[in-house]
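Here is what each chain is made of, one letter per residue.
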Amino acid sequence: MSITALDGKRFAEMIIQGANHLTANAKMVDALNVFPVPDGDTGTNMNLSMTSGAKEVKNNVQEHIGKVGIALSKGLLMGARGNSEVILSQLFRGFSKAVEAKAKITGKDFAGALEAGVETAYKAVMKPVEGTILTVAKDSAKKGVQAAQNSDDIIVIMEEVVKEAKASLKRTPDLLPVLKEVGVVDSGGQGLVFVYEGFLAVLRGEELPESSDLLPTMSEMVNAEHHKSVQGHINTADIVFGYCTEFMVRFEAEKTAIHPFNEGVFRNDLSHLGDSLLVIADEDVVKVHIHSEQPGEVLSYGQRYGNLINMKIENMRQQHTNIVGETHTASGTVRPEPRKELQEYGIVTVSMGSGIAELFKSIGAHAVIEGGQTMNPSTEDIVKAVKEVHAKKVFILPNNKNIIMAAEQAKDVADEDIYVIPSKTVPQGLSALLAFNPSADVDVNEVAMKDALQHVKTGQITFAVRDTSIDGLEIEKDDFMGISEGKIVVKNKDKGKVAEDLLTKMLDDDSEILTIIFGEDVTDEEVQSLTQFVEENYEDVEIEVHNGGQPLYSFIFSIE
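Residues numbered from 1 in each chain as written. Predicted model: local features only at pLDDT ≥ 70, side-chain atom pairs only at ≥ 80, totals over all residues. Heavy atoms only, no water.

Asker: Quick question: what am I supposed to make of the pairing of strand 19 (residues 542–547) here?
Answerer: Consecutive side chains of a regular strand alternate in pointing toward one face of the sheet and then the other. Where strand 18 (residues 513–518) meets strand 19, 6 bridges bridge the pair, whose relative direction is parallel. Across the sheet, Ile 513 pairs through a bridge with Glu 542, a residue of strand 19. Running through helix 21 (residues 524–537), the crossover from strand 18 to the neighbouring parallel element strand 19 is right-handed. (Pairing = 2+ DSSP bridges. Helix = DSSP H or I, 4+ residues; strand = E, 2+ residues; numbered from the N terminus. Right-handed = clockwise from strand over helix to strand, strands pointing away.)

This is how it looks when you write it as structure tokens:
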């Protein structure tokens, strides 16, 4: 059996099987965690992202591979969460761009598209790191191109891609020291291998086992990536475009034959008619949200492509002049909150734990996205939060290194001016937010907030989910671990002892303020004991204590 041409239907089957195979092995990828913390989430996030892409593909199965690729790209883009997941979305974005004009592709086209995906992914990463999913994708695509020079059979090409992907994955410890120290492979690369195995199984007409037998046992697996995890009124003076206009266009063949639909052109044309523009398209419809002064002109433009459905137009100036009504409920009378004015600045931040969320709000955050260690917010989640802030310029504080790329991707998708401050921890996010000055211009604020990241140290107390050896420490399951600036430095069976030992290593003569954020598993007595320890041993250090309510991490320390 050989396959020399690949159409959209078979490609859709490949995507769906790749997603299913990744789903079946997501927990095993999660378990690939160099730091034995309870929040290794690469497998979960890759699974959610790939599933988002597969869902779009299922809704758009057709012969034309280019159009299936567009659906995949859109689904992955909006579902992308962490670093590996954003890279995965970019790999297939580049692939889809390379084939979008083709109904079927040859073996050479297929290999070339894989290589185009690699180029797109590398461009999307500010500082590409070898020994990761990028390397596995690059090496396997290169092998695919070589195979395509000798064979037109896509099965043969994919076999070579999978073979090299596995070989490259085994080499990742030679490229990332932390992997070599523990003797394991990269998790994002492993996730990509699972996807590619799904592709190959469809091409061969084979069934895949529910889980892979290629991985070591759960107790042996570790990973190189640690957290790789309204209504009301508006001031009339702020309303430049007075009509909130929402509608959908159901495409008609006769009209698109005259005016072929191109999402980029469509979005660009509408951008001249208003602001707050959101355009989402699939094979059958395009959905539009826009604030415009000429809603009729917007609707007329939409009609060029098909029938208008689900239309809604609201006069925002009239909303401003209306008296705010009351809503009666069984428990009493509730007054709706006034609609936010269009602000100059907005702050969107990510946090885990209700107490941390309230802490961010108390010092100026306008929107707090629930997420972080165990569940990274998607690009779509971040875009929604940005729009809810209703500001001209929006700063995003990811507070987790694995969310930074999703935030950067939201910056590319959203219409608002977005500035990503690459905070990797909650203390960094708090420090950056305190450096924000609403009276300063955006460039001054961006510099000040980024500079603030360098003037705070982060400590964390969590527990081990397995036995492991790392950084010279022999760690047993359920040990408490003290992490300083991302490195495990102390461990003990006693939570309080680990907290004291960690602070002893982190506090020095330059330390002035210690902020203790305690989690949901910490008692008042434990907090009191720890603060007493600091007061007795570091009398010049000012202490602030907050109930963060965060899971998994008993204590988060911020030292300035």
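There's more to say after this.
Asker: I tried to follow the packing of helix 16 (residues 379–389) against helix 17 (residues 404–413) on my own but got confused; where do I start?
Answerer: The packing of two helices is summarised by the inter-axis angle and the distance between the axes. Viewed as axis vectors pointing N to C, helix 16 and helix 17 meet at an angle of 60°, and their least axial separation amounts to 8 Å. Relative to helix 17, helix 16 is oriented oblique. Here helix 16 runs over helix 17; the crossing is right-handed. The segment helix 16 lies against helix 17, with Thr 379, Ile 382 and Val 383 engaging Ala 406, Ala 407, Gln 409, Ala 410 and Val 413. Among the residues forming the contact of helix 16 with helix 17, the class breakdown is 6 nonpolar, 2 polar and no charged. (Axes fitted to C-alpha atoms, helices over the stretch in contact; angles between N-to-C directions. Parallel < 35°, antiparallel > 145°, perpendicular 65-115°, else oblique. Left-handed = near helix turned anticlockwise from the far one by under 90°. Contact = heavy atoms within 4.5 Å. Nonpolar A, V, L, I, M, F, W, Y, C, P; charged D, E, K, R; others polar.)

Asker: Just to check I follow, could you spell out the nonpolar core for this structure?
Answerer: In summary, soluble globular proteins display a tendency toward joint burial of nonpolar side chains. With 77 residues, the main nonpolar core has Phe 110 and Tyr 196 as its most contacted residues. No other element matches the 9 residues that helix 10 (residues 187–204) contributes to this core. Filtering out sequence-adjacent residues up to four positions away, Phe 110 remains in contact with Leu 6, Met 14, Phe 95, Ile 105, Ile 154, Ile 157 and Met 158. (Core = buried A, V, L, I, M, F, W, Y, C linked by side-chain atoms within 4.5 Å. Buried < 20%, exposed > 50% of the residue type's maximum accessible area, 1.4 Å probe, protein only.)

Asker: Help me understand unusual backbone geometry, please; the structure alone is not making it clear to me.
Answerer: For residues besides glycine, phi is generally negative; the peptide bonds are generally trans as well. Positive phi, close to 60°, is recorded for His 390, a residue that is not glycine. Relative to the elements of secondary structure, His 390 occurs in the loop between helix 16 and strand 11 (391–397). Among the residues examined, His 390 registers a relative accessible area of 13% and is labelled buried. The residue Asn 399 is not glycine, and still its phi comes out positive at about 60°. The residue Asn 399 is located in the loop between strand 11 and helix 17 in this model.

Asker: Just checking my understanding: could you explain the sheet that holds strand 11 for this structure?
Answerer: The strands making up a sheet associate through backbone hydrogen bonding, with each pair oriented either parallel or antiparallel. With parallel pairing, 4 strands are arranged side by side in an open sheet as 10-9-11-12. Because the sheet does not close on itself, it has two edges, and the strands there are strand 10 (367–370) and strand 12 (417–420). Taken over all neighbouring pairs, the strand axes of this sheet differ in orientation by 20° on average, direction set aside. Against the sheet, helix 15 (residues 354–362) engages strand 9 (343–351) and strand 10, with an angle of about 160° to strand 9.

All we've got here are geometric facts, nothing functional implied.
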